[in-house]
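Coordinate analysis (summary)
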Amino acid sequence: MTLSDAVYLAAGIGALGAAVVPQVVFRRPLSMPMLFLAVGMLAGLWAVPTVDPVRSRLWVEHATELCVIVSLMGAGLALNRPVGRRGWAGAWRLLGIGMPLTIVATTAAALILGWPLAPALLLAAVLSPTDPVLAAEVRVGEPTDDPDDEDEVRFSLTAEAGLNDGLAFPFVLAALAVAAAPAGTAGWAAEWFLVDVLVRIAVGVVTGWVLGWMFFRARPRALRLSEHMEGFVAIGATFVAYGAAELSRGYGFLAVFVTACTIRAAERDHGYHKVLHGFTEQIERLLTVFLLFLLGGYLVAHGLPSLTWQGALVGVLLVLVVRPAAGYAALLGGATGPQERLVTAVYGIRGVGSLFYLAYALGHTGLFAAYADRLWAVVSFTVFLSVFLHGATAAPVIQRLDRLRRSSPTPP
């Protein structure tokens with residue numbers, strides 16, 4: 001059997017597994033990402049060739065980039081709740097309070113453990129975005145009007161993940177600016193805040209809104225997405241939104257999510273949303289399986305051997321202490337009860353977005369070259385820890401929360 005034959009066999013098994021495994025593990029203390037990450041680790045133990053993201057950075061950057069933008073389109077299409085201050089209050093709190101607190105605390109932890117400021121800030125920035133796609137139980141499912149499928153926990157985590165994949169970018173760019181600036185100076189801060197925070201976020205939001213509106217309101221009617229019931233046009237819309245925003249110097253991730261939310265809001269009861277969402281979910285699942293398999297092999301071959309106890313401690317603190325504490329503090333005073341607040345705070349899953357941001361940052365400056373192996377080791381270990389810890393506990397925790405919600409007229 002040649003290598004190409006083995007690749008075809010592995011790809012076929014992975015594609016079939018992506019279809020079968022979610023049904024097998026649904027509502028069990030398992031998840032599809034857990035199984036494929038474990039399979040990748042076993043393959044690494046058997047000396048199967050692995051991908052080293054330090055040496056194959058460009059390839060890893062674009063593969064993770066594709067996975068993220070497809071998942072963002074699916075997340076935005078799934079959300080039925082109109083965008084607003086009150087309806088999205090949980091997501092706004094997690095973004096405006098929880099995310100900065102997480103970045104500050106993670107940076108402080110890395111500094112205390114001996115990391116210089118710029119690598120510590122970069123590590124905190126790339127680990128700041130959440131990624132509920134790696135645990136289906138804590139995200140909103142397909143487009144539906146069922147209130148049980150868009151409870152506050154699922155909605156807040158899905159909306160947060162959709163928006164913070166774009167909002168993490170300013171902090172990644174801040175780390176690059178700190179690394180490039182003379183020691184002890186902050187002359188970069190004003191331009192960073194004006195351009196990388198205000199302007200680029202605004203461009204991403206406006207681009208996404210305009211494109212989303214056009215996709216459902218364009219004239220002639222033949223140009224409207226709603227007139228074409230083919231799922232693959234969702235990928236076309238995703239690429240157009242991302243490319244247009246990036247070429248306009250905005251945040252493409254933010255534009256994709258806003259485009260999806262605008263399409264969803266245009267005609268909420270249109271059956272086409274399910275077609276779009278279903279296709280993007282299938283592509284997303286295939287890409288996730290592929291990337292997690294490779295991540296597992298990398299962990300065994302390179303990641304875990306390069307991991308120091310200080311790096312491991314940063315990952316453990318982030319998953320078990322920093323994110324839960326920051327998320328809970330952000331949601332205090334909101335409409336959710338203490339149990340929903342705790343679950344939302346704890347299940348800030350780290351995933352593919354973190355891998356993309358690190359690959360992106362290392363490709364846009366050589367100033368972190370000496371820390372590349374350590375950064376990849378910590379980030380991959382943190383994703384590994386999150387996938388297994390959250391994947392094993394999400395199903396029973398969410399099921400219990402659902403039972404409490406149905407048996408009580410007030411939030412648990």
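Below is a short write-up of the structure. (Residues numbered from 1 in each chain as written. Predicted model: local features only at pLDDT ≥ 70, side-chain atom pairs only at ≥ 80, totals over all residues. Heavy atoms only, no water.)

**Concerning the overall build of the protein chain**
The number of helices and strands found in the protein chain is 15 helices and zero strands. Intrachain contacts of the protein chain at a sequence separation of at least 6 include 82% that bridge at least 24 residues. Entry remark: accessible area of the protein chain is about 17,300 Å², with carbon and sulfur atoms responsible for 68%. (Helix = DSSP H or I, 4+ residues; strand = E, 2+ residues; numbered from the N terminus. Contact = heavy atoms within 4.5 Å. Areas by Shrake-Rupley, 256 points an atom, 1.4 Å probe, with all protein chains shown as cover.)

**Some details on the packing of helix 6 (residues 152-167) against helix 10 (residues 252-266)**
Contact geometry for helix 6 and helix 10: axes closest at 6 Å, N-to-C directions at 145°. Considering only the axes of helix 6 and helix 10, their crossing is left-handed. Counted together, Ala-159, Gly-162, Leu-163, Asp-165 and Gly-166 of helix 6 and Phe-253, Leu-254 and Phe-257 of helix 10 form the full contact between these two elements. (Axes fitted to C-alpha atoms, helices over the stretch in contact; angles between N-to-C directions. Left-handed = near helix turned anticlockwise from the far one by under 90°.)

**Description of helix 13 (residues 338-346)**
Listed as buried for helix 13 are Glu-340, Arg-341, Val-343, Thr-344 and Ala-345. Residues of helix 13 that are buried sit in contact with helix 4 (89-112), helix 6, helix 12 (309-331) and helix 15 (372-407). (Buried < 20%, exposed > 50% of the residue type's maximum accessible area, 1.4 Å probe, protein only.)

**A few points about the nonpolar core**
Of all hydrophobic cores here, the largest spans 96 residues; its most connected members are Trp-88, Leu-122, Phe-253 and Leu-375. Counting residues per element, this core draws most heavily on helix 3 (residues 57-78), which supplies eleven residues. Not counting chain neighbours up to four residues away, the residues in contact with Phe-253 comprise Glu-65, Val-68, Ile-69, Leu-72, Asp-165, Gly-166, Phe-169, Tyr-242, Phe-356 and Tyr-357. Formed by nine residues, the second largest nonpolar core is a distinct cluster that contains Leu-157, Ala-394, Ile-398 and Leu-401. (Core = buried A, V, L, I, M, F, W, Y, C linked by side-chain atoms within 4.5 Å.)

**What to know about a nonpolar patch on the surface**
A surface patch of nonpolar side chains, about 420 Å² in accessible area, is lined by Phe-193, Leu-194, Val-195, Leu-198 and Val-199. Topologically, Val-199 is positioned in helix 8 (residues 188-217). (Patch = residues over 30% accessible without salt bridge, like charges linked within 9 Å, V, L, I, M, F, W, Y side chains within 5 Å. Salt bridge = Lys/Arg side-chain N within 4 Å of Asp/Glu carboxyl O.)

**Structural notes on the environment of Ser-156**
Residue position: Ser-156 is located in helix 6. For Ser-156, a relative accessible area of 2% gives the class buried. Spatially, the C-alpha atoms of Ser-156 and Ala-345 are 9.9 Å apart, while their sequence positions differ by 189 residues. Discounting chain neighbours no more than four positions away, the residues touching Ser-156 are Gly-90, Ala-91, Leu-94 and Thr-344. At 2.9 Å, the side chain of Ser-156 and the backbone oxygen of Glu-152 are in polar contact. (Polar contact = N/O pair within 3.5 Å; in protein donor to acceptor, adjacent residues only side chain to side chain.)

**Some points on the packing of aromatic side chains**
Tallied over the entire structure, the rule returns 19 aromatic pairs. Their ring planes at 90° and their centres at 5.1 Å tell us that Phe-169 and Tyr-357 sit as a pair that is edge-to-face. With Phe-169 in helix 7 (residues 169-180) and Tyr-357 in helix 14 (residues 352-363), this residue pair connects regions lying 188 residues apart in the sequence. Taken together, the aromatic side chains of Phe-169, Tyr-242, Tyr-251, Phe-253, Phe-356, Tyr-357 and Tyr-360 make up a single cluster linked through ring pairs. Above the ring of Phe-155, the side-chain terminus of Arg-81 is found at 3.9 Å from the ring centroid. (Phe/Tyr/Trp six-rings, centres within 6.5 Å; stacked < 30°, edge-to-face > 60°. Lys NZ or Arg CZ within 6 Å of the ring centre and 35° of its normal.)

**Notes on the pattern of salt bridges**
Under the counting rule described, the total for this entry stands at seven salt bridges. The salt bridge partner of Asp-151 is Arg-154, with a shortest N-O separation of 2.4 Å. By the burial criterion, Asp-151 is buried, and Arg-154 matches it. A salt bridge links Arg-200 to Asp-196, with the shortest nitrogen-to-oxygen separation between them at 3.8 Å. Here Arg-200 pairs with Asp-196, and both are found in helix 8, just four residues apart, close to one helical turn. Residue classification places Arg-200 among the buried residues on the basis of a relative accessible area of 10%. Of the residues examined, Asp-196 reaches a relative accessible area of 16% and is grouped as buried. Salt bridges sharing common partners tie together Asp-52, Arg-55 and Asp-373.

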